[in-house]
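Chain and residue survey
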Amino acid sequence: MDRFAIVGFGCAGYHALKAMREAGCSAAVDVYSDTGLPPYNPMLTTYYVKGKIPYEAMFPFGTMDEIQKEYEFRLFQQRTVEFIDTGRKIIRCADGMETAYDKILISTGARAFSPPVGNLPAERIFSMRCVEDAVRLREAVTAGGLRRVLVVGASMVGIKLVELLHERGVEVVFSDLAQHIFPTAAFEGTSERIEAFLQEKGVELRFGVKTTQAEEQEGRAAVRFSDGSCVIVDAVINCIGTRTALSCLPPEEVRIVRGVVVDDHMRTSADGLFAAGDCCEGRDLCIDGTRIIGLWASAVLQGETAGKNMAGLDVSYPGTLVHNITHFMGIDFVSFGDKSLPGQRQVYLDKDGQYVEAVVQDGRIQCINLLNLFKNSGAVKNYMLRALYPHDTPLDPQMKAVLLKSGLPKELTDLLGGSVK
Ligand SMILES: Cc1cc2nc3c(=O)[nH]c(=O)nc-3n(C[C@H](O)[C@H](O)[C@H](O)COP(=O)(O)OP(=O)(O)OC[C@H]3O[C@@H](n4cnc5c(N)ncnc54)[C@H](O)[C@@H]3O)c2cc1C
């Protein structure tokens, strides 16, 4: 009997296992997880810190016992895979245990990048990626000792932390080395509107500067920035990004750029080695190439694709339309596509707090920002996908009417779906 291994049991690992079993695969499957927890959804961690969901709700697929009852596998919990010998097809764990495999999936995700902040003690520094991070931050927030907090990293995770702290009456300083919020997804016009909104709510913004120094000062933390300014806070939360968790792979045997490079079947350059989720570079439809995508829906689909192919089916990963969708403090921001792609920039709507800006090239939207137009985002996404997967069906006139009624200008709806035939 074939022996398969899954290293890292998060969203991608779980969906690979599920897809294998649903495809009728009878191979023995070994699952390695460096936690003692069932797979969790990292995007729910901030909701747990907020107190909006109970602890168990962070585990959308149930307990480990429930998962094991549904999909048979052998579990190696709290076991960190240290090295994968891709030539001999042997896995070595940190405790020295070695096992063989025929096919293996790497779904080790990414880890929060949290460098030390000056000379501050570890208890003042937080990050937000895993369940343990959420539990620790929730304890600190509910203990009530946080009056003023510095959130570093104007990212989608950073803004959720700003929101939850603000909701609890904690003063927030929000900083980033970039000049504006959401630097990889938002056009300047969009960022400026969001920043004005945050400032109105009392959030102190420090963009275009980096933290250079920090030390304890009279029971609090004094954090200094590159422009010479200083803030006094009780804690620092780092949301400055992640790094792929790939230390178990030999880079001379497996092609790694920032993530493991995969083909459309989620195969890597090493025989029998597949990869899925945040640790790999999957197909991005906007650039028609591969890169790390870092989205839940991609981890689901990549995991499923890898699982099916490991089970012997022949399935391609269709690629992802990169998107960011976030709601915070009563507003919403949506972006689809890659803002760095070339094209003509145009503002389509700027009225009553709603804002739409896009980059258009040869009649095709490369990237679009929607502020406070969440209801339209599904339709906009579908239309962008239509452009990326060209086909002949004409635009649904009803949907176009809905978009027009909701305030999007005709010029934009024509662009999104082409003219009604
Ligand atoms: C705070 C936060 C908010 C987010 N919000 C959104 C959102 O709104 N929308 C969205 O689409 N996406 C969001 N994401 C991203 C999304 O959660 C991820 O893309 C997705 O969870 C990736 O799943 P994964 O299985 O690849 O990795 P992970 O969920 O990271 O799972 C990998 C697992 O492998 C384990 N592991 C790592 N190394 C080893 C090893 N050597 N041995 C054994 N086990 C190992 C890890 O501990 C982990 O359990 C968010 C992420 C975070 C952190």
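Residues numbered from 1 in each chain as written. Predicted model: local features only at pLDDT ≥ 70, side-chain atom pairs only at ≥ 80, totals over all residues. Heavy atoms only, no water.

**Comments concerning helix 1 (residues 11–22)**
- Over its twelve residues, helix 1 runs 16 Å from end to end, which matches the ideal 16 Å to within 8%, given 1.5 Å per residue.
- With ten of twelve residues buried, helix 1 is to be regarded as a mostly interior element.
- Of all the residues in helix 1, the buried ones are Cys11, Ala12, Gly13, Tyr14, His15, Ala16, Leu17, Ala19, Met20 and Arg21.
- Looking at the buried residues of helix 1, the elements they touch are strand 1 (3–7), strand 2 (28–32), helix 3 (64–70), strand 7 (103–106) and helix 7 (296–310). (Helix = DSSP H or I, 4+ residues; strand = E, 2+ residues; numbered from the N terminus. Expected span 1.5 Å × (residues − 1). Buried < 20%, exposed > 50% of the residue type's maximum accessible area, 1.4 Å probe, protein only. Contact = heavy atoms within 4.5 Å.)

**Looking at the environment of Asp234**
- Inspection of the secondary structure assignment puts Asp234 in the loop between strand 15 (230–233) and strand 16 (235–238).
- Judged by relative accessible area, Asp234 falls into the buried class, the value being 8%.
- Considered as a pair, Asp234 and Glu171 are 63 residues apart in the sequence and their alpha carbons are 10 Å apart.
- Not counting residues up to four positions away in its chain, the partners in contact with Asp234 are Arg124, Gly145, Leu146, Arg147, Arg148 and Arg220.
- At a separation of 2.7 Å, a polar atom in the side chain of Asp234 contacts the main-chain amide nitrogen of Arg147. (Polar contact = N/O pair within 3.5 Å; in protein donor to acceptor, adjacent residues only side chain to side chain.)

**Notes on the site of the ligand**
- Looking at the ligand, there are 30 residues lining it, with Ala12, Asp34, Arg129, Asp278 and Trp296 nearest.
- Within the side chain of Asp34, one N or O atom sits 2.5 Å away from an oxygen atom of the ligand.
- The contact in question runs from an oxygen atom of the ligand to an N or O atom on the backbone of Trp296, over 2.9 Å.
- Relative to its unbound accessible surface of 1,000 Å², the ligand loses 88% to contact with the protein.
- Put simply, the parts of the chain that give the shell around the ligand at least two residues each are helix 1, strand 8 (110–112) and helix 7.
- Residue classes in the shell around the ligand are distributed as 14 nonpolar, eleven polar and five charged.
- Inspection of the shell around the ligand shows a minimum of three residues originating in each of domain 1 (3–111 + 242–310) and domain 2 (114–238). (Near = heavy atom within 4 Å. Areas by Shrake-Rupley, 256 points an atom, 1.4 Å probe, with all protein chains shown as cover. Nonpolar A, V, L, I, M, F, W, Y, C, P; charged D, E, K, R; others polar. Domains from an automatic or database assignment.)

**Points about the packing of aromatic side chains**
- Under the defined criterion, the tally for this structure stands at eleven aromatic pairs.
- Ring geometry for Phe182 versus Phe328: centroids 6.1 Å apart, planes at 75 degrees, classification edge-to-face. Of this pair, Phe182 sits in the loop between strand 11 (171–176) and helix 6 (188–200) while Phe328 sits in strand 22 (residues 323–328), and the two are 146 residues apart along the sequence.
- Residue classification places Phe182 among the buried positions, given a relative accessible area of 2%.
- Aromatic rings pair up to connect Phe9, Tyr14, Phe61, Tyr71, Phe73 and Trp296 into one cluster. (Phe/Tyr/Trp six-rings, centres within 6.5 Å; stacked < 30°, edge-to-face > 60°.)

**With respect to helix 6**
- The terminal C-alpha atoms of helix 6, which comprises 13 residues, lie 18 Å apart, in line with the 18 Å expected from a rise of 1.5 Å per residue.
- For helix 6, the full list of buried residues reads Gly189, Thr190, Ser191, Ile194, Glu195, Phe197 and Leu198.

**Structural notes on the nonpolar core**
- Of all hydrophobic cores here, the largest spans 52 residues; its most connected members are Tyr32, Ile84 and Ile106.
- Among the elements that make up this core, the one with the highest residue count is helix 1 (six residues).
- Beyond its immediate sequence surroundings of up to four residues, Ile84 is in contact with Val7, Ile90, Tyr101, Ile104, Ile106, Cys248, Leu249 and Pro250.
- Formed by 46 residues, the second largest nonpolar core is a distinct cluster that contains Leu37, Leu137, Phe197 and Ile237. (Core = buried A, V, L, I, M, F, W, Y, C linked by side-chain atoms within 4.5 Å.)

**Observations regarding the pattern of salt bridges**
- Tallied over the entire structure, the rule returns 23 salt bridges.
- The salt bridge involving Glu163 is made with Lys50; its shortest N-O contact spans 3.1 Å. Of the two residues, Glu163 is situated in helix 5 (residues 156–167) and Lys50 in helix 2 (residues 45–50); the sequence distance between them amounts to 113 residues. Neither Glu163 nor Lys50 differs from the other in exposure class; each is buried.
- Residue Asp85 is joined to Arg88 by a salt bridge in which the shortest nitrogen-to-oxygen separation is 3.2 Å.
- In this structure, a network of salt bridges that share partners links the residues Lys50, Lys52, Lys160, Glu163 and Glu167. (Salt bridge = Lys/Arg side-chain N within 4 Å of Asp/Glu carboxyl O.)

**Looking at the domain arrangement of the protein**
- Once the domains are mapped, the protein shows domain 1 (3–111 + 242–310), domain 2 (114–238) and domain 3 (323–417).
- Distance from the C-alpha centre of domain 2 to the C-alpha centre of domain 3: 31 Å.
- In total, about 1,700 Å² of surface goes out of reach between domain 2 and domain 3, with carbon and sulfur atoms giving 70% of it.
- Contact with domain 3 buries area across many residues of domain 2, yet Phe187, Arg193 and Phe197 alone supply 36% of it, more than any other trio.
- Our enumeration of links across domain 2 and domain 3 arrives at one salt bridge.
- Salt-bridge contacts for Asp350 lead to Arg193; the nearest nitrogen and oxygen are separated by 2.7 Å. (Buried area = accessible area lost by both parts, 1.4 Å probe.)

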